[in-house]
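Chain residues, written in single-letter form:
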Amino acid sequence: MVRKTKEVSNVTRTKIRRLIMKQEMMTVVSQIQLAPNIYELVLTGELVKEMKVPGQFIHIKVPRADLLLRRPISLAKINLEKAECTIIYRVEGAGTADFSQLTTGDLLDVMGPLGNGFPITDISSEDIVFIIGGGIGVPPLYELSRQLKKRGAKVVHILGFAKQEVIFYEEAFKALDEVHISTDDGSYGTQGHVGNVLDRLLKEYQPTAVYSCGSNGLLKTVEANFHDHPRAYLSLEARMACGMGACYACVCHLQADETGKESKKVCDEGPVFATGEVRL
Ligand SMILES: Cc1cc2nc3c(=O)[nH]c(=O)nc-3n(C[C@H](O)[C@H](O)[C@H](O)COP(=O)(O)OP(=O)(O)OC[C@H]3O[C@@H](n4cnc5c(N)ncnc54)[C@H](O)[C@@H]3O)c2cc1C
Ligand code: FES
């Protein structure tokens, strides 16, 4: 028992050491507002060299002494040549409100890239891929789509938003491939949630891979449609503290485990899981 505890703490120590090496004061290149309460922030630093896999996130320290926990935000775009990465976030509370005040030249304490991103190495020009996203789950899907297009895949984007006002990156996605938008209130595109668009598109296409990120409701729709699909993936959100697999704040449960005792950590075993793997 004592040995096991030692082994676990050694693993944790190794992880912490590895993560300290993945921490940097990154510099703000630019910040613009994309829609009400939605911001696009571009950062530069050495850490960008580590950023390769779409669907990973960075863990950002709020530049305020009273807010101790870092905030997890997905990578929306990676530009290795310019050593820049882009995040897109919605102001939810004190932390993200603070991020929205940052201007060019400000420094930001960033840890990352963290987590297991979307598996794409087996995608080729033979594939028809569905990318399904909603609201603030859309940002990581942009870098994902860029990388899938580089691999030659046909990509069909199905994106859901609350209303027309909060839609962002429509043109950017259109520049990559086909885009279908739904809004909850019907102010733009198809009325209702992405499931309505999905039902229609499934009559037209049989996707060979499916990637999704969004609200729990959206993920449940994807899970219901692609439970047995061999290449369908969900990116989960969970409240996080350490972000490095040490505190167990972010666990989710496994579908296969009826006892409910087994769990996976969203921060380092996720945030991306295959459909059929975890309970939503
Ligand atoms: C892997 C991952 C990727 C994410 N990517 C994005 C993104 O690209 N864009 C975006 O707008 N948002 C994203 N989020 C959600 C984002 O982390 C929260 O909106 C943000 O932490 C809220 O912080 P706050 O201080 O403004 O709000 P507060 O409500 O004050 O936050 C209080 C605490 O709760 C945590 N928290 C609050 N909401 C969430 C949440 N939904 N998920 C996890 N922790 C939360 C915060 O980290 C903080 O510790 C992501 C979350 C996860 C887990
Ligand atoms: S946030 Fe600490 S283990 Fe995931």
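Residues numbered from 1 in each chain as written. Chains lettered and ligands numbered in written order. Predicted model: local features only at pLDDT ≥ 70, side-chain atom pairs only at ≥ 80, totals over all residues. Heavy atoms only, no water.

> So what exactly am I meant to see when it comes to the overall build of the protein here?
The helix and strand inventory of the protein stands at six helices and 16 strands. When each of the 280 residues of the protein is scored for burial, the buried share is 50%. Long-range pairs, those at least 24 residues apart, make up 63% of the contacts in the protein with a sequence separation of at least 6. Surface accessibility of the protein: about 13,500 Å² in total, with carbon and sulfur atoms responsible for 51%. One finds the centroid of the 33 positive side-chain charges in the protein at a distance of 6 Å from the centroid of its 34 negative side-chain charges. (Helix = DSSP H or I, 4+ residues; strand = E, 2+ residues; numbered from the N terminus. Buried < 20%, exposed > 50% of the residue type's maximum accessible area, 1.4 Å probe, protein only. Contact = heavy atoms within 4.5 Å. Areas by Shrake-Rupley, 256 points an atom, 1.4 Å probe, with all protein chains shown as cover. Lys, Arg positive; Asp, Glu negative; His and termini not counted. Charge placed at Lys NZ, Arg CZ, Asp CG, Glu CD.)

> Help me understand the sheet that holds strand β5 (residues 77-79), please; the structure alone is not making it clear to me.
Hydrogen bonds along the backbone pair up the strands of a sheet, which may run parallel or antiparallel. If you trace the seven strands from one edge of the open sheet to the other, you get β4-β3-β7-β1-β2-β6-β5, paired in antiparallel fashion. Of all the strands in the sheet, just β4 (71-74) and β5 have a single pairing partner and so form its edges. Strand-to-strand twist across the sheet, computed as the mean angle between neighbouring axes with direction ignored, equals 35°. Pairing analysis gives three bridges linking β5 to strand β6 (residues 84-90), with the strands arranged antiparallel. For K77, the partnering residue across the bridge sits in β6 and is T86. Its contacts with the sheet put helix α3 (residues 139-150) on β4, β5 and β6, and the angle it makes with β5 is roughly 50°. (Pairing = 2+ DSSP bridges. Axes fitted to C-alpha atoms, helices over the stretch in contact; angles between N-to-C directions.)

> Explanation requested: the site of ligand 1 in the structure shown.
The local shell around ligand 1 holds 20 residues, among which R71, P72, T96, E237 and R239 are the closest. At 2.8 Å, a side-chain N or O of R71 approaches an oxygen atom of ligand 1. Between a nitrogen atom of ligand 1 and a side-chain N or O atom of E237, the distance comes to 2.5 Å. Relative to its free-state accessible area of 830 Å², ligand 1 is covered by the protein chains to the extent of 85%. At the level of secondary structure, the elements contributing two or more residues to the shell around ligand 1 comprise β4, β6 and α2 (94-99). With four residues, β4 is the single largest residue contributor to the shell around ligand 1. Looking at the shell around ligand 1 residue by residue, the class counts come to 10 nonpolar, four polar and six charged. (Near = heavy atom within 4 Å. Polar contact = N/O pair within 3.5 Å; in protein donor to acceptor, adjacent residues only side chain to side chain. Nonpolar A, V, L, I, M, F, W, Y, C, P; charged D, E, K, R; others polar.)

> Looking at this structure, I do not really get the sheet that holds strand β8 (residues 128-134). What am I missing?
Spatially, seven strands are ordered β11-β10-β9-β8-β12-β13-β16 in an open sheet, and the strand pairing comes out mixed. Across the chains shown, the open sheet's two edge strands, defined by having one partner strand only, are β11 (190-191) and β16 (272-274). Sitting on the sheet, α3 touches β8, β9 (154-161) and β12 (209-213), and the angle it makes with β8 is about 170°.

> Sorry if this is basic, but what is going on with the pattern of salt bridges here?
Oppositely charged side chains are able to pair whenever their charged atoms sit close together. Across all of its chains, the model carries 14 salt bridges by this definition. The salt bridge involving R64 is made with D66; its shortest N-O contact spans 2.7 Å. For D66, a relative accessible area of 54% translates into the label exposed. Residue K154 pairs with D177 through a salt bridge whose shortest N-O separation is 2.9 Å. In this pair, K154 is assigned in strand β9 and D177 in the loop between α4 (170-176) and β10 (178-183), connecting sequence segments 23 residues apart. Each of K149, K154, D177 and E178 takes part in one network of salt bridges that share partners. (Salt bridge = Lys/Arg side-chain N within 4 Å of Asp/Glu carboxyl O.)

> How do you make sense of unusual backbone geometry when you look at a structure like this?
With an omega dihedral of 0°, the bond running from G112 to P113 counts as a cis peptide bond. With an omega dihedral of 5°, the bond running from G270 to P271 counts as a cis peptide bond. By the secondary structure assignment, P271 is in the loop between β15 (263-265) and β16. Despite not being glycine, N37 shows a phi value in the positive range, around 70°. Relative to the helices and strands, N37 is located in the loop between β1 (23-35) and β2 (38-44).

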